[in-house]
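An overview of the molecular structure
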Amino acid sequence: MARSAIFLLPLYLLSSLHPAHGYGSGAPKSQCGSLAPGHGIPAKDNSNTPYSIKLNSTQLSPGVSTEIELTHDGSDAKFKGYMVQARTDSDDSVIGAFEIISDDAQYVECGSVPQSAVTHVFSEAKESIKMKWKAPSDFTGKVKIVATFVKDYSNYWVQVPSETLEVSESTSTGIQFPTEAPSAEPEPETEPESEPEAEAESEPETEPEAEAESEPESEPGANERHSEMHPIYKGCGKSKSCFGIPSKCLEENECDFAASWKPSGDQFEFEMYRKDGSGNYVAVGFSKDSKMGEDLVLACANANSAELYWNSGQKPTFLSADAGITDFKYSSEDGVIFCTMKSPSLLKSGDYSVNLNEEQTILLAGGPRIQAGKLEYHLPGKKLAAAEPVLLSLVSSAGVKSDLLVKLHGLFMLIAWLGCAGAGMIMARYFKQTWKGKQIMGADRWFQAHRLFMVTAVILSIVAVVLIVVEVGVTPLGLEHLERNAHPVIGLICVLLALVQPIMAAFRPHPGDAGRKLFNWAHWGVGNMAHVFGICAIFLAGNLAKANLSSTEWWSWVLVAYVVFHVITHLVFSLLWAKSERTQRIADQQMAEINGMNKIQNNNFGVDEKLDQEGGSFRKILFFVYFITAWVLVAVLAVAVFKAES
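Quantities reported herein were computed from a predicted structural model and do not represent experimental measurements. (Residues numbered from 1 in each chain as written. Predicted model: local features only at pLDDT ≥ 70, side-chain atom pairs only at ≥ 80, totals over all residues. Heavy atoms only, no water.)

1. Topic: the overall build of the chain
The test is simple: The way it works is that DSSP assigns letters per residue, a run of H or I at least four long becomes a helix, a run of E at least two long becomes a strand, and they are numbered from the N terminus. Throughout, a contact is declared for two residues whenever any of their heavy atoms are within 4.5 Å. Note on areas: these come from Shrake-Rupley sampling with a 1.4 Å probe, and a residue is covered only by the protein chains present in the view.
Regarding its fold elements, the chain presents 11 helices and 26 strands. Residue pairs in contact within the chain that sit at least 24 positions apart in sequence constitute 66% of those at least 6 positions apart. Total accessible area computed for the chain in this model is approximately 33300 Å², and 57% of it derives from carbon and sulfur atoms.

2. Observations regarding the sheet that holds strand S8 (residues 128-134)
This is how the line gets drawn: Being paired, for any two strands, means DSSP has found at least two bridges between them. The angle between two axes is taken between their N-to-C directions and runs from 0 to 180 degrees, where each axis is a line fitted to C-alpha atoms and a helix contributes only its stretch in contact.
Spatial strand order, S1-S3-S8-S5: four strands in an open sheet with antiparallel pairing. Each edge of the open sheet carries a strand with a single partner, namely strand S1 (51-55) and strand S5 (97-100). Direction aside, the axes of adjacent strands within the sheet are offset by 30 degrees on average. Relative to S8, S5 runs antiparallel, the two sharing four bridges.

3. Some thoughts on the nonpolar core
We apply this condition: Joining through side-chain atoms within 4.5 Å is the link that ties buried Ala, Val, Leu, Ile, Met, Phe, Trp, Tyr and Cys residues into a set, and such a set is a nonpolar core. Categorising residues by exposure relies on relative accessible area from a 1.4 Å probe, with only protein chains included: less than 20% of the type maximum marks a residue as buried, more than 50% marks it as exposed, and the intermediate range marks it as partly exposed.
Ranked by size, the top nonpolar core spans 52 residues in total, and within it Leu 414, Trp 417, Leu 418, Phe 431, Trp 555 and Phe 623 carry the most contacts. Of all the elements in the fold, those that place two or more residues in this core are helix H5 (404-430), helix H6 (445-472), helix H8 (487-506), helix H9 (516-541), helix H10 (555-595) and helix H11 (616-643). Counting residues per element, this core draws most heavily on H5, which supplies 15 residues.

4. A look at the packing of H5 against H6
Quick reminder of the rule: In these notes the angle categories are as follows: under 35 degrees is roughly parallel, over 145 is roughly antiparallel, 65 to 115 is roughly perpendicular, and the rest is oblique. Should the near helix be turned anticlockwise from the far one by less than a right angle, the crossing is termed left-handed; should it be turned clockwise, right-handed.
Where H5 meets H6, the axes come as close as 8 Å, and the angle between the chain directions of the two elements is 160 degrees. Looking at the two axes, H5 sits roughly antiparallel to H6. By crossing handedness, the relation of H5 to H6 is classed as left-handed.

5. Describing the confidence of the model for the chain
Applicable threshold: pLDDT is a residue-level measure of predictor confidence that goes from 0 to 100.
Scored by pLDDT, the chain comes out at a mean of 78, with 76% of its residues at no less than 70. Ranking the elements of the chain by mean pLDDT puts helix H3 (residues 206-214) last, at 36, and strand S9 (residues 141-150) first, at 94. Segment residues 172-227: pLDDT under 50, and 67 contacts once partners within four positions in sequence are set aside and those in other chains are kept.

6. A closer look at unusual backbone geometry
Phi angles above zero are rare outside glycine, and Gln 159 is one such case at about 55 degrees. Here Gln 159 is to be found in strand S10 (residues 156-167). The partly exposed category is assigned to Gln 159, whose relative accessible area is 27%. Phi is positive for Asp 327, close to 50 degrees, though the residue is something other than glycine. Structurally, Asp 327 can be placed in strand S18 (residues 326-333).

7. Quick word on the packing of H8 against H9
Going by this rule: Gly is put with the polar residues, along with every residue not named as nonpolar or charged; the nonpolar set is Ala, Val, Leu, Ile, Met, Phe, Trp, Tyr, Cys and Pro, and the charged set is Asp, Glu, Lys and Arg.
Contact geometry of H8 with H9 gives a least axis separation of 8 Å together with a crossing angle of 155 degrees. When the axes of H8 and H9 are compared, the pair comes out roughly antiparallel. In this structure, H8 crosses over H9, and the sense of that crossing is left-handed. Its residues assigned to classes, the contact of H8 with H9 comprises 18 nonpolar, six polar and no charged.

8. A word on H9
As a reminder, the rule being used: Multiplying 1.5 Å by the residue count of a helix minus one yields the expected span of that helix.
The terminal C-alpha atoms of H9, which comprises 26 residues, lie 37 Å apart, in line with the 38 Å expected from a rise of 1.5 Å per residue. If you check which residues of H9 are buried, you get Phe 519, Gly 525, Val 526, Gly 527, Ala 530, His 531, Gly 534, Ile 535, Ala 537, Ile 538 and Ala 541.

9. A few points about the sheet that holds strand S2 (residues 59-60)
Taken in spatial order, the six strands line up as S2-S10-S9-S4-S7-S6 in an open sheet, and their pairing is mixed. Both edges of this open sheet fall to S2 and strand S6 (106-110), since each of them pairs with a single strand only. Relative to strand S7 (residues 113-119), S6 runs antiparallel, the two being bridged by four bridges. Note that in S7 the partner of Gln 106 across the bridge is Thr 119.

10. A word on the packing of aromatic side chains
Counted only if it meets this: Under the pairing criterion, centres of Phe, Tyr and Trp rings, with the six-membered ring standing for Trp, must be within 6.5 Å; the plane angle then separates stacked pairs below 30 degrees from edge-to-face pairs above 60, leaving the rest tilted.
For the structure shown, the criterion picks out 19 aromatic pairs. Seen from their ring centres, Phe 79 and Phe 149 are 5.3 Å apart, and the 85 degrees between their planes marks the pair as edge-to-face. Of this pair, Phe 79 sits in the loop between strand S3 (65-72) and strand S4 (81-88) while Phe 149 is found in strand S9, placing the two residues 70 residues apart along the sequence. With relative accessibility at 0%, the residue Phe 149 sits in the buried group. With centroids separated by 4.5 Å and ring planes inclined at 25 degrees, the aromatic side chains of Trp 310 and Tyr 352 adopt a geometry described as stacked. Here Tyr 352 lies in strand S21 (residues 352-355) and Trp 310 lies in strand S16 (residues 307-312), a separation of 42 residues in the sequence.

Structure below.
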């Protein structure tokens, strides 16, 4: 019995622990409704709270901001955590948008409303947190700011209200706070680490463990990791919007290029980063769509100032090194360049301008910088477009535009010209004397197989062209594009030749007609030319910026392997055909001598029409090997296409 009790004691102690869920790094979206931490302990009475919410003004107009301060009443009761919202007095719904001006603050999106709540980032004790709240431009009514303050694990106050804030059209805006953010005010120093420990000692034995688990910031090494992070990554998705290349690089803080932006009073603050920045640039474009062209571009390339360009197609035109940009800072360390700057909301130079208060599709690119005021075209794989237009004034996640249509274009072309075209050509050239007397739907097997392969290739090519035109239009056929990569024109020639083939076949002369021989040569020549152009286009796709395959160094070698294998297969088939023809000629001659015939039949194979040409089994095996190998290469290249970083 004693042994059983000893064994069950740990289980009993574990089961007696209350579930505890602290949020040491800030409150999640799940707490938007209650604003309550998951400590498993009742909240304190708000009538005795040592904390308060101070408003810069209790009256303001729609679309105007006011300053808010979370603070204590002078009793030295610092708080470790908080979450704050604005709610209407009529129905308690979340309303408005916050703007953070403190490092220990991050946005929480409640009810699909961006920047509708703010919570802490670090669990250190703090005396005061300031922020701004902006009333919607289409709202009038009464609002209360409500906040939850967490002093320690056992002591917290939920939904502490502020004074009533009235939003009305008649309110004078002259009493509002100045546009300059009070960011110069020093943040209060945090308390020594020993103080939280002293507080924890007064808690029940089980609570310090739960609190430690809920605050990962207190783990050893957390502060070191935070300090080693490049500034471009700090606050992404919390206090600023970020965008990086390759896609999803921000999750691992490993971007080749990155940019961030956030509102700063009447201006916007931009950061641009490039890992291999020596002699190169990184630039942000502001577009109404996801395509580069007729867009204003802000570049980090010059150590002395930001540079503004107008991009009409692929040739950026330098506009200005000023354009109202202020607080420009440039650094270059260990090959990494980093720029920070502030831009007016109306970025303008001459006749070119962009209103940053309007929705913009962010374009990010990088390439070599030739000299001051002259940027080279971005490198393959070094360009990215946002999925949709975003408001720069709101912290949001600028998702990457899907390149599914480009990938499907590549997949269909691979299937058409590596998987189908080659097999169809081999079937027509070397299998006319195979499966003799055996038909499918009234036609020889070789002909039906040939037609299936080639029709599939033509249909897939047409679909691929439609997909790519929908994605990029016809601009890649322009001369300035062709100077860098002839893939679009060569691919178009391939498809046009492929379309000619079925038209020619529809008008082919009957066997024995005078024009049949000419048709055979023309059909053979056009088909082979289409195949050659198709393989060349796929080869050039490896260096195409849109395909992002520049890092797939083995792309070209796989295609070379296919070409070599295709040629060797043709040689083997040709040798087999020559050997069979020679054997048959000898057999025909011997048969003619035995029967006393004076001439050999016109048919080179002169045998029973129902007998296959010699070597039929080997030809079938060889074709099977060719077909499987071609499709394995298609699969390998298709994986590269779909794994290419956007």
